[in-house]
Amino acid sequence: MNTKNIFPKIIVSWLLIFSLLPAIMLVGISLLTPDISSMVHLPVTFSHYKNLIDPLFFRIAVRSFFLAGLTTFFCLLLAYPFAFFILNISHKSLVIILILIPFWTSSLIRTYAMVDLLKWHGTINNILLKLHLISTPLSLLYSNYAVLTGLVYNLLPFMILPIYNGMQSIDQKCIDAARDLGATRLQIFVKVFWPQSQKGVINGVLMVLLPAMTLFYIPNILGGAKSILIGNLIQNEFIFLNNWPQGAATSTFLSIILVIFFGISQSKGMKN
Amino acid sequence: MLKKLVKNTYISAIILFLYFPLFLLVYLSFNDAQYSNQWHQFSLQWFKELFNDKQLIDSLVNSLILAFFSSLIATFNSVIATTLLVLQRSHKLLQKFLLIPSFLIILPDLILGVGFLIILNVLNIPFGFISLLIAHITFCMPFIIFSIIAKIKLFNRNYYLASLDLGASKFYTWRKVIMPILSPAIISAFFLGFTLSFDDVIISYFVAGPEFNILPLTIFGMIRNGATPELNALCTMTLLFSLILIIIAQYKLRKS
């Protein structure tokens, strides 16, 4: 036994006890029966997984994937050209700092800022009314659109930074070589630049897609009764309904989806 | 020329998208109106209420204490463990060590939070400062490890060996050779951990107790109870604070 490795061993066992062990217990709990006093008890049952096939749950799951997918799509649509454009401007580091500053304000406050923007007498409605584009205020808040806007707003920097990092590591020589060999701008982008920037895109998608389903406070603040996502479901099952096994089953389901996504992205990354 | 215009307009538009909502809050924080977004009159009323809100100030102090200690403990352990492993120059051992942290980085906060709820109940740890500290140390650690590992890998092992050859004790070498060289990386890792801990909503939501209120959860409660413009004032203060920090950091960078 060598004393050198005591610190690494402490860290590894700490992480095992407080993160991996609970993840395993989560799967175990999902198979037990809910109980009011001790949270769970025997017998073992699969009924909580059966509940996941229920149409009500299914609708929430589909909505979650759809909204998370849309969030990822819009973030990518906004972030890719942005990262591309700042690649060779003179005030690069200033722009990066500007992207990072909003991180330092609480993400709750940033979400709350959306309320001021979207509410009945909010800024957007006021502007539209002043411009006589609408005659009565639009009800923008407490809808899936509001949740989508809030998610894109909160997660956009998480898409920009990995894509930018990926683009930065592209060798300028490759692009110069392609140009020397007579490739057009479009050809350079499609055949040289895009393939090499893909790794950053994959990282960005991972950083946005998974949180978009689990940031339960954004639908809590901006969404209406029809904006419940998987994250809210897990929150409700654990905190308000005290139905741990059902919450654990939903969490396990989410984790399986996550592992699948991660597997796909890793195998794509390997190919490049 | 036109291309440059398109480029700059696009960059500005995205930055405006990120900042407009925040500036709106700053603007409203000086407005003497409770519900409306219309400009009434300049007033510092919301700042006064902010500074007199004992619950909010208490939770701010609690959050600062929590973020400081969880980041300090997580950084201290991560730096020593990672440096020890890098000094051994065993690629395999390092790879093994990084396996769990790299998995934890992609695990969503929600799953981690639910996991903490379960393990803290099983171990019978009361919900409050200690439970939050345990949770925050755990979720910060992987990010801290990955933020410092690249810098630690660049550390020239010969300095360490030379110091030992010249008769310095291991502890003295750590204090006088390793720490000074790594200090910029350690400081930035500490701040990363601090920000992560200070900002966390999801994990804290599951592990906080009624006695130890922290800022994000207090803000969450305020928003859900129909927010007051106090929050706008809080946003103004945070932005001002970040601005000061950035100016100091830039100034230090220029100097060195």
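Residues numbered from 1 in each chain as written. Chains lettered and ligands numbered in written order. Predicted model: local features only at pLDDT ≥ 70, side-chain atom pairs only at ≥ 80, totals over all residues.

### Overview of the overall build of chain B
How we decide: Every helix listed is a DSSP run of H or I at least four residues long, and every strand listed is a run of E at least two residues long, numbered separately from the N terminus. Both definitions apply: the radius of gyration is a C-alpha atom measure, and the globule rule equals 2.2 Å times residues to the power 0.38. For the exposure call, what matters is how many other C-beta atoms sit within 10 Å of a residue's own: 20 or more marks it buried, 12 or fewer exposed, and in between partly exposed, using C-beta atoms placed from the backbone. Residues are treated as contacting if the C-beta atoms built from their backbones sit within 7 Å of each other.
Counting its regular elements, chain B contains 11 helices and 0 strands. Moving toward the C terminus, one meets the helices and strands of chain B in the order α-α-α-α-α-α-α-α-α-α-α. The globule rule puts the C-alpha radius of gyration for 256 residues at 18 Å, and the 23 Å found for chain B is more than 25% above it. Every one of the 256 residues in chain B was classed for burial, and the buried ones make up 36%. In chain B, the proportion of contacts linking residues at least 24 apart, taken out of those at least 6 apart, comes to 79%.

### Thoughts on the overall build of chain A
In terms of regular secondary structure, chain A is built from 12 helices and 2 strands. Traced from its N-terminal end to its C-terminal end, chain A shows the element sequence α-β-β-α-α-α-α-α-α-α-α-α-α-α. Over its C-alpha trace chain A gives a radius of gyration of 23 Å, far above what one expects of a compact globule, namely 19 Å for 272 residues. Dimensions of chain A, computed from C-alpha atoms along their principal axes, come out at roughly 75 × 70 × 35 Å. For chain A, buried positions account for 38% of its 272 residues. Within chain A, contacts between residues at least 6 apart in sequence are counted, and of these 70% link residues at least 24 apart.

### Some words on unusual backbone geometry
Phi at Tyr142 of chain A is positive, roughly 55°, even though this residue is not glycine. Here Tyr142 of chain A is to be found in the loop between helix 6 (123-130) and helix 7 (144-168). Among the residues examined, Tyr142 of chain A registers 20 C-beta atoms within 10 Å and is labelled buried. Phi at Asn124 of chain B is positive, roughly 60°, even though this residue is not glycine. Here Asn124 of chain B lies in the loop between helix 5 (109-122) and helix 6 (129-153).

### Considering the environment of Phe262 of chain A
Relative to the helices and strands, Phe262 of chain A resides in helix 12 (residues 244-271). Taking the number of C-beta atoms within 10 Å as the measure of exposure, Phe262 of chain A has 15 and is therefore partly exposed.

### What to know about the interface of chain A and chain B
Keep this limit in mind: Just so you know the grouping, Ala, Val, Leu, Ile, Met, Phe, Trp, Tyr, Cys and Pro go in nonpolar, Asp, Glu, Lys and Arg go in charged, and all remaining residues, Gly too, go in polar.
Of the residues lining the interface, 61 residues belong to chain A; the matching set on chain B comes to 55 residues. Of the residues assigned to the side of chain A that touches chain B, the class counts are 45 nonpolar, 13 polar and 3 charged.

### Observations regarding the nonpolar core
For clarity, the threshold we go by: By definition, a nonpolar core groups buried Ala, Val, Leu, Ile, Met, Phe, Trp, Tyr and Cys residues that connect through C-beta atoms lying within 7 Å of each other. In this document the domain limits rely on a domain assignment from an automatic tool or a database.
Counting residues in hydrophobic clusters, the biggest one holds 122 residues, and the most contacted among them are Ala79, Met159, Ile160 and Ala212 of chain A together with Val114, Phe116 and Val207 of chain B. If one sorts the elements of this core by residue count, helix 7 of chain A sits on top with 13 residues. When residues of this core are sorted by domain, at least three fall in each of domain 1 (2-41) and domain 2 (54-225) of chain B. The contacts of Ala212 of chain A, once residues within four sequence positions are left out, are Leu67, Ala68, Thr71, Thr72, Leu151 and Leu155 of chain A.

### Concerning the domain arrangement of chain B
In terms of domains, chain B is made up of domain 1 (2-41) and domain 2 (54-225). Averaged C-alpha coordinates put domain 1 of chain B and domain 2 of chain B at centres separated by 35 Å.

### Overview of the packing of helix 3 (residues 55-86) of chain A against helix 9 (residues 185-214) of chain A
All names here are of chain A. Just so we agree on the cut-off: Lines fitted to C-alpha atoms define the axes here, with helix axes fitted over just the stretch in contact, and angles between the N-to-C directions of these axes take values from 0 to 180 degrees. Each crossing is labelled by how the near helix is turned from the far one, with a counterclockwise turn of less than a right angle marking it left-handed and a clockwise turn marking it right-handed.
The contact between helix 3 and helix 9 brings their axes to 9 Å, and the two run at 140°. Where helix 3 crosses over helix 9, the two elements pack in a sense that is right-handed. Contacts between helix 3 and helix 9 involve Ser64, Leu67, Ala68, Thr71, Thr72, Cys75, Leu76 and Ala79 from the first element and Val201, Gly204, Val205, Val208, Leu209, Ala212 and Met213 from the second. Looking at the contact of helix 3 with helix 9 residue by residue, the classes come out as 11 nonpolar, 4 polar and no charged.

### Comments concerning helix 3 of chain A
To keep things clear, this is the line we draw: Each residue after the first adds 1.5 Å to the expected span of a helix.
Along its 32 residues, helix 3 of chain A runs 46 Å from first to last C-alpha, staying within 8% of the 46 Å computed at 1.5 Å per residue. Listing the buried residues of helix 3 of chain A in full gives Ser64, Leu67, Ala68, Thr71, Thr72, Cys75, Ala79, Tyr80, Phe82, Ala83 and Ile86 of chain A. Buried residues in helix 3 of chain A make contact with helix 4 (92-104), helix 7, helix 9 and helix 11 (230-240) of chain A together with helix 1 (2-29) of chain B.

### Describing the packing of helix 2 (residues 45-52) of chain B against helix 11 (residues 230-255) of chain B
Residue and element names in this part refer to chain B. Selection rule: Each angle receives one of four descriptions, namely roughly parallel if under 35 degrees, roughly antiparallel if over 145, roughly perpendicular if within 65 to 115, and oblique otherwise.
Packing of helix 2 against helix 11 leaves a shortest axis separation of 8 Å and a crossing angle of 85°. If you check the angle between helix 2 and helix 11, you find them roughly perpendicular. Every residue of helix 11 that contacts helix 2 at Trp46, Phe47, Glu49 and Leu50 is listed here: Glu230, Asn232, Ala233 and Leu234. For the contact of helix 2 with helix 11, the residue count by class is 5 nonpolar, 1 polar and 2 charged.

### Overview of helix 7 of chain A
Residue and element names in this part refer to chain A. Where we set the bar: Throughout, the bend at a residue refers to the angle made by two axes, fitted to the seven residues ending there and to the seven starting there.
Over its 25 residues, helix 7 runs 35 Å from end to end, which matches the ideal 36 Å to within 8%, given 1.5 Å per residue. Most pronounced at Leu155, the bend in helix 7 amounts to some 45°, and the proline Pro157 follows within four residues. Counted residue by residue, helix 7 has 18 buried out of 25 residues, so it is predominantly covered.

### Topic: the environment of Asp54 of chain A
All names here are of chain A. For Asp54, the position within the fold is in the loop between helix 2 (47-51) and helix 3. For Asp54, a count of 10 C-beta atoms within 10 Å puts it in the exposed group. Asp54 sits 204 residues away from Leu258 along the chain, and the two C-alpha atoms are 21 Å apart.

### What to know about the confidence of the model for chain A
The condition is simple: Values of pLDDT, the confidence the predictor places in each residue, fall between 0 and 100.
The predicted model of chain A has a mean per-residue pLDDT of 86, with 96% of residues at 70 or higher. Taking the mean pLDDT of every element in chain A, the minimum, 69, falls on strand 2 (residues 39-41) of chain A and the maximum, 93, on helix 3 of chain A.

### A word on the environment of Leu25 of chain B
Along the polypeptide, Leu25 of chain B turns up in helix 1. Taking the C-beta count within 10 Å as the criterion, Leu25 of chain B has 24 such neighbours and is therefore assigned buried. Once the C-alpha coordinates of Leu25 of chain B and Ser90 of chain B are considered, the two residues, 65 residues apart in sequence, prove to be 52 Å apart. When residues no more than four places from it in sequence are discounted, the contact partners of Leu25 of chain B are Ala113 and Asp116 of chain A together with Asn232 and Cys235 of chain B.

### Description of the confidence of the model for chain B
Residues and elements named next belong to chain B. Summary statistics for chain B give a mean pLDDT of 88 and a share of 98% for residues scoring 70 or more. By mean pLDDT, the top-scoring element of chain B is helix 9 (residues 202-207) (93), and the lowest-scoring one is helix 11 (82). Interface confidence in the predicted complex, given as ipTM, is 0.85; pTM for the same model is 0.88.

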